[in-house]
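Given next are the chains, with one letter for each unit.
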Amino acid sequence: MFFYTRYPSSNVLKTFFPDVKFNRCITSQLIKWFSNFREFYYIQMEKFARQAIVDGISDVKDITVSRDSELFRALNMHYNKANDFHVPDRFLEVAEITLHEFYNAISATKDSDPSWKKAIYKVICKLDSDVPEEFKTSSYL
DNA sequence: CGAGAGCCTG
DNA sequence: CAGGCTCTCG
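Conventions we followed
Residues numbered from 1 in each chain as written. Chains lettered and ligands numbered in written order. Predicted model: local features only at pLDDT ≥ 70, side-chain atom pairs only at ≥ 80, totals over all residues. Heavy atoms only, no water. Near = heavy atom within 4 Å. Polar contact = N/O pair within 3.5 Å; in protein donor to acceptor, adjacent residues only side chain to side chain. Helix = DSSP H or I, 4+ residues; strand = E, 2+ residues; numbered from the N terminus. Salt bridge = Lys/Arg side-chain N within 4 Å of Asp/Glu carboxyl O. Buried < 20%, exposed > 50% of the residue type's maximum accessible area, 1.4 Å probe, protein only.

### What to know about the protein's contact with DNA strand C
Near DNA strand C, the surroundings consist of Q29, K32, W33, N36 and F37. Here a phosphate oxygen of DNA strand C and a side-chain polar atom of Q29 are 2.8 Å apart. Between a base nitrogen of DNA strand C and a side-chain N or O atom of N36, the distance comes to 2.8 Å.

Here is the structure:
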């Protein structure tokens, strides 16, 4: 599910767990869970973006994310351990865009600003796609 | 005041 | 992942 949306609202998130009766506690736990997913995602992005800079890559266009990228493997390992479904191409695009955002920001030393990631989050949150209905049938996450 | 983001920690 | 804490926003 994360491969489709990075910023689902709590209500949207809930619809993907039809078999769960939510109370305040479980809901916040679910929100927290997804928040952790985002955290991991951005941590990886920053890590690989910095690595690209250390590696001396000077053009953003030389930074790409494909299914056999180290970055993709790290993410897939985390969100899709069993590798039981196909990751949408759109996710690869979003991942690449995210990586570029980090690369550009760090290159411009914007990371000296305590809240420099906010600008990136603002861009990425607009790239969410709809999650296929099939995910609502079983506890896919 | 409560939900949720974001950051840090275990 | 889950807890805990600060901070923003409706």
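Don't stop here, the text continues.
### Concerning the protein's contact with DNA strand B
Surveying the vicinity of DNA strand B reveals the residues Y7, S10, R24, I31, K32, R38, E39, K118 and Y121. The sugar-phosphate share of atoms of DNA strand B within 4 Å of the protein amounts to 69%. K32 is positioned with one of its side-chain polar atoms (N or O) 3.1 Å from a base nitrogen of DNA strand B. Interatomic distance of 3.1 Å between a side-chain N/O atom of Y121 and a phosphate oxygen of DNA strand B. Breaking the surface near DNA strand B down by element, the ones donating at least two residues are helix 2 (24–54) and helix 5 (116–124). Considering every element that reaches the surface near DNA strand B, the biggest residue donor is helix 2, with five residues.

### So, the pattern of salt bridges
Enumeration according to the criterion identifies seven salt bridges in this entry. Salt-bridge contacts for R50 lead to D111; the nearest nitrogen and oxygen are separated by 3.1 Å. Placement of R50 in helix 2 and of D111 in the loop between helix 4 (89–107) and helix 5 is noted, with a sequence separation of 61 residues between them. The partner of E93 in a salt bridge is R90, and the shortest N-O contact between them spans 2.9 Å. Placement of both E93 and R90 in helix 4 is noted, with a separation of three residues, approximately one turn of the helix. Using a relative accessible area of 32% as the deciding quantity, one classes R90 as partly exposed.

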